[in-house]
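Report on the structure
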Amino acid sequence: MALMDVTDLTMIFGGIVAVDHLTFEVEEGSITALIGPNGAGKTATFNCLTGFYKATSGEILYEGESLLNTRPYLITYKGIIRTFQNVRLFNNLTVLENVLSGCHTLGKKFVGSSIFRPPSERKEEDELREIAENALDFIGILDLQDQLAKNLPYGYQRRVEWARAIASRPKLLLLDEPAAGLNREEKNDLIGLIRRFRDELGITVFLIEHDMSLVMEVAEQVVVINFGTKIAEGTPDEVQANPLVVEAYLGKDDDEEEEAV
Ligand SMILES: Nc1ncnc2c1ncn2[C@@H]1O[C@H](COP(=O)(O)OP(=O)(O)OP(=O)(O)O)[C@@H](O)[C@H]1O
Ligand SMILES: [Mg+2]
């Protein structure tokens, strides 16, 4: 059984069909990529999987159970954590505080909720802090923990988001264009981190990405969509060789079309 099993997922906004009868699986323990041209429906798909959008129709099974009527915060409690296409940090909080904000699924009580805290809560707070620090250490930015998020260069802000995501110990991590805006060296670091998320932390990774060389290097399975519909799936080599994929990315060659007529 796949960790996530999506069948005929459809998301319509007014007249716009953003996702159109999309069917695919994410295998447990895999690194799977969702790719497609701008406006193909990738982020809309993530929004359905995480409960941000209520799908118009179709089914989303996670560990065999439907997520369709599950609220977003309960989906995070089930271990599905996402990052966004644009960086979304609390600018005026420190790096550590930002990562702690992702740990709410682990703690029973909100960190810092009261001035007087019984010892049991203090212990929990210490434990959460340790988890957050471990996540920062894993990503390689523990030394930045006291910096304000807004003072970090963009590439480091992205790292804080990854640290926040893994601190909550997800089973399934959804990354929406994690490499956007990163330089080549940072992209290589990201490839290494994605592999370590899976290999060392046991996290299944499902990522949307435009950088084809990154997808080809890190993903084991690729789902390609265009106009909300799946046009190909398979290994990176298979989808790269698929004429429908080439056409979706490069556009149809008019000369060829005329010749074919
Ligand atoms: N909340 C919304 N209301 C109306 N239309 C929407 C909404 N969200 C997405 N869409 C439309 O759905 C389509 C798919 O958008 P989506 O953001 O999923 O594309 P994408 O594949 O993530 O593209 P990109 O690579 O540019 O991020 C687009 O036509 C978009 O305008
Ligand atoms: Mg998008």
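Residues numbered from 1 in each chain as written. Chains lettered and ligands numbered in written order. Predicted model: local features only at pLDDT ≥ 70, side-chain atom pairs only at ≥ 80, totals over all residues.

1. Observations regarding the overall build of the chain
Going by this rule: In DSSP terms, a helix is any run of H or I states spanning at least four residues, a strand is any run of E spanning at least two, and both are numbered starting from the N terminus. Radius of gyration: over C-alpha atoms. The globule rule applied is 2.2 Å multiplied by the number of residues raised to the 0.38 power. Burial is judged by counting other C-beta atoms within 10 Å of a residue's own C-beta: 20 or more means buried, 12 or fewer means exposed, and anything between counts as partly exposed, with every C-beta placed from the backbone. A residue pair is marked as a contact if its C-beta atoms, positioned from the backbone, fall within 7 Å.
A tally of regular secondary structure across the chain gives ten helices and ten strands. Against the globule reference of 18 Å for 261 residues, the chain gives a C-alpha radius of gyration of 20 Å, in line with a compact fold. Here the C-alpha coordinates of the chain stretch approximately 80 × 40 × 35 Å along the principal axes. Counting across all 261 residues of the chain, residues that qualify as buried make up 36%. Pairs at least 24 apart in sequence give 67% of the contacts found in the chain among residues at least 6 apart.

2. Side note on the site of ligand 1
Note the following rule: A residue counts as near a molecule or strand when its C-beta atom, positioned from the backbone, falls within 6 Å of it. In this count, Pro and Cys sit with the nonpolar residues alongside Ala, Val, Leu, Ile, Met, Phe, Trp and Tyr, while Asp, Glu, Lys and Arg are called charged and the others, Gly among them, polar.
Around ligand 1, a shell composed of Phe13, Ile16, Ala18, Gly36, Asn38, Gly39, Ala40, Gly41, Lys42, Thr43, Ala44 and Gln85 is seen. Within the residue set of the shell around ligand 1, elements represented by two or more residues are strand E2 (16–26) and helix H1 (42–49). Sort the elements by how many residues they give to the shell around ligand 1 and H1 lands first, with three residues. In terms of residue class, the shell around ligand 1 is made up of five nonpolar, six polar and one charged.

3. Quick look at the sheet that holds strand E6 (residues 80–83)
Here is the rule we go by: At least two bridges found by DSSP between two strands are what make those strands a pair. Axes here refer to lines fitted to C-alpha atoms; in helices the fit is confined to the stretch in contact. Angles between the N-to-C directions go from 0 to 180 degrees.
Spatially, six strands are ordered E6-E7-E8-E3-E9-E10 in an open sheet, and the strand pairing comes out mixed. Each edge of the sheet is formed by a strand with only one pairing partner; in this case those strands are E6 and strand E10 (229–234). Sheet twist, expressed as the average angle between the axes of neighbouring strands with direction ignored, equals 15°. Two strands pair when backbone bridges link them, and E6 and strand E7 (residues 172–176) are joined in this way by four bridges, in the parallel orientation. Among the inter-strand pairings, Thr83 is bridged to a residue of E7, identified as Leu175. Lying on the sheet, helix H6 (residues 184–201) is in contact with strand E3 (31–35), E7 and strand E8 (204–208); it crosses E8 at an angle near 150°.

4. Section: the environment of Ile191
Among the structural elements, Ile191 can be located in helix H6. Given 17 C-beta atoms within 10 Å, Ile191 falls into the partly exposed group. Put simply, Ile191 and Leu250 are 59 residues apart on the chain and 25 Å apart in space, counted from C-alpha to C-alpha. When sequence neighbours within four positions are dropped, the list of residues in contact with Ile191 reads Leu214, Glu217 and Val218.

5. Overview of helix H5 (residues 154–167)
Think of an α-helix as 3.6 residues a turn; residues three or four steps apart then line up on the same face. Test applied: By this rule, a helix spans an expected 1.5 Å times one less than how many residues it contains.
Over its 14 residues, H5 runs 20 Å from end to end, which matches the ideal 20 Å to within 8%, given 1.5 Å per residue. Burial analysis of H5 places ten of its 14 residues in the buried class, which makes it a mostly covered element. One or two residues past the end of H5 sits Arg169, with phi positive at roughly 55°.

6. A closer look at the nonpolar core
Filter applied, for reference: For the purposes of this analysis, a nonpolar core is taken to be any set of buried Ala, Val, Leu, Ile, Met, Phe, Trp, Tyr and Cys residues that are connected through C-beta atoms within 7 Å. An automatic or database domain assignment is the source of the domain bounds shown.
By size, the foremost hydrophobic cluster in this structure holds 70 residues, and its most contacted members are Val99, Ala135, Ala163, Leu173 and Val205. Sort the elements by how many residues they give to this core and H5 lands first, with six residues. Viewed by domain, this core spans two of them, domain 1 (1–79 + 170–261) and domain 2 (89–169), each represented by three or more residues. In this view, Ala163 contacts Val99, Ala135, Leu136, Ile139 and Ile141; residues no more than four positions away in its chain are not counted.

7. Here we look at the domain arrangement of the chain
When its domains are assigned, the chain resolves into domain 1 (1–79 + 170–261) and domain 2 (89–169). Contact residues are listed per partner, giving twelve residues for domain 1 and ten residues for domain 2. For the side of domain 1 that touches domain 2, the leading source of residues is H6, giving four residues.

8. A look at the environment of Tyr62
Inspection of the secondary structure assignment puts Tyr62 in strand E4 (residues 57–62). Sequence separation between Tyr62 and Thr7 is 55 residues; the distance between their C-alpha atoms is 12 Å. Residues within four places of Tyr62 in sequence aside, it is in contact with Leu3, Met4, Leu67, Lys78 and Ile80.

9. So, the sheet that holds strand E1 (residues 4–13)
Here four strands make up an open sheet; going across it, the order is E2-E1-E4-E5 and the pairing antiparallel. Each of the sheet's edge strands pairs with one partner strand only, and the pair in question is E2 and strand E5 (65–66). Sheet topology note: the E4/E5 ladder contains two bridges and is antiparallel. Bridge assignment links Tyr62 to a residue of E5, and that residue is Glu65. Here H1 sits on the sheet and contacts E1, E2 and E4; the angle it forms with E2, its principal contact strand, is near 65°.

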